[in-house]
Amino acid sequence: MNKKISDKDKQDWQSFIDSNDKLFDKDYKLTKNKQFKTRQLDLHGYSLDDANQKIKYFIISSYEEGARKLRIVTGKGLHSDNEKNPYVSKDLSILKYSIPEYINNNPSLMKLINSFGEAKIEDGGSGAFYIFLKKKL
């Protein structure tokens, strides 16, 4: 292997460092214009057990249908009745926290999921999140 760097390579590197140009992000371009088949589930008003069962069925059926992006609306927990019960966790009983926890602890669901993401403000902001599913084989 040649450990010497040519003068041309040094000059190219220096001109790159001096310029304000940014590196081209090919991954951003590929995902920016791509339209995913999207489905939405609103869990307002569901109990924790009902929401867990609903989300499990929703993820599996969405994967089977070829959907790639799921928008899950949990709400922010502002109107939750959990504060009335001293034996209930104030964080984990709120769907906003418990649904992602349930999904992360379910290996069969995690096999179908590429990643999670925060919802944009127009899609629910902090009261919602995205699930990006793997492509169906």
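Note that the coordinates shown come from a computational prediction; the quantities given were computed from them, not determined experimentally. (Residues numbered from 1 in each chain as written. Predicted model: local features only at pLDDT ≥ 70, side-chain atom pairs only at ≥ 80, totals over all residues. Heavy atoms only, no water.)

A. Examining the packing of aromatic side chains more closely. The full count for this structure, using the stated rule, is three aromatic pairs. Plain terms: the ring middles of Phe116 and Phe129 are 6.1 Å apart, the flat faces sit at 45° to each other, and that makes the pair tilted. Placement of Phe116 in strand S3 (residues 113–118) and of Phe129 in strand S4 (residues 128–133) is noted, with a sequence separation of 13 residues between them. Take Phe116: its relative accessible area is 30%, and that puts it in the partly exposed class. Pairing Tyr130 with Phe132 gives two aromatic rings, centres 6.0 Å apart and planes at 55°, and the pair type is tilted. One cation-aromatic arrangement involves Lys69 over Tyr130; the distance from NZ or CZ to the ring centre is 4.4 Å. (Phe/Tyr/Trp six-rings, centres within 6.5 Å; stacked < 30°, edge-to-face > 60°. Helix = DSSP H or I, 4+ residues; strand = E, 2+ residues; numbered from the N terminus. Buried < 20%, exposed > 50% of the residue type's maximum accessible area, 1.4 Å probe, protein only. Lys NZ or Arg CZ within 6 Å of the ring centre and 35° of its normal.)

B. Spotlight on the pairing of strand S2 (residues 69–73). Among the five residues in S2, five count as buried, and that is most of the element. Residues Lys69, Arg71 and Val73 line one face of S2 and the alternating positions Leu70 and Ile72 line the opposite face, and both faces are buried. With five bridges joining them, strand S1 (residues 38–42) and S2 adopt parallel strand pairing. Its bridge partner lying in S2, Gln40 is registered against Arg71. The β-α-β motif built from S1, the intervening helix H3 (residues 48–65) and the parallel element S2 has right-handed crossover chirality. Relative to S4, S2 is paired through five bridges, and the arrangement is antiparallel. Residue pairing across strands places Lys69 opposite Phe132, the latter belonging to S4. (Pairing = 2+ DSSP bridges. Right-handed = clockwise from strand over helix to strand, strands pointing away.)

C. Layout of the sheet that holds S1. Reading across from one edge, S1-S2-S4-S3 is the order of the four strands in this open sheet, with mixed pairing throughout. What marks the edges here is a single partner per strand, and that holds for S1 and S3. Strand-to-strand, the axes of this sheet are offset by a mean angle of 20°, without reference to chain direction. Contacts between H3 and the sheet are confined to S1, S2, S3 and S4, with S1 contributing the most and set at about 170° to the helix. (Axes fitted to C-alpha atoms, helices over the stretch in contact; angles between N-to-C directions. Contact = heavy atoms within 4.5 Å.)

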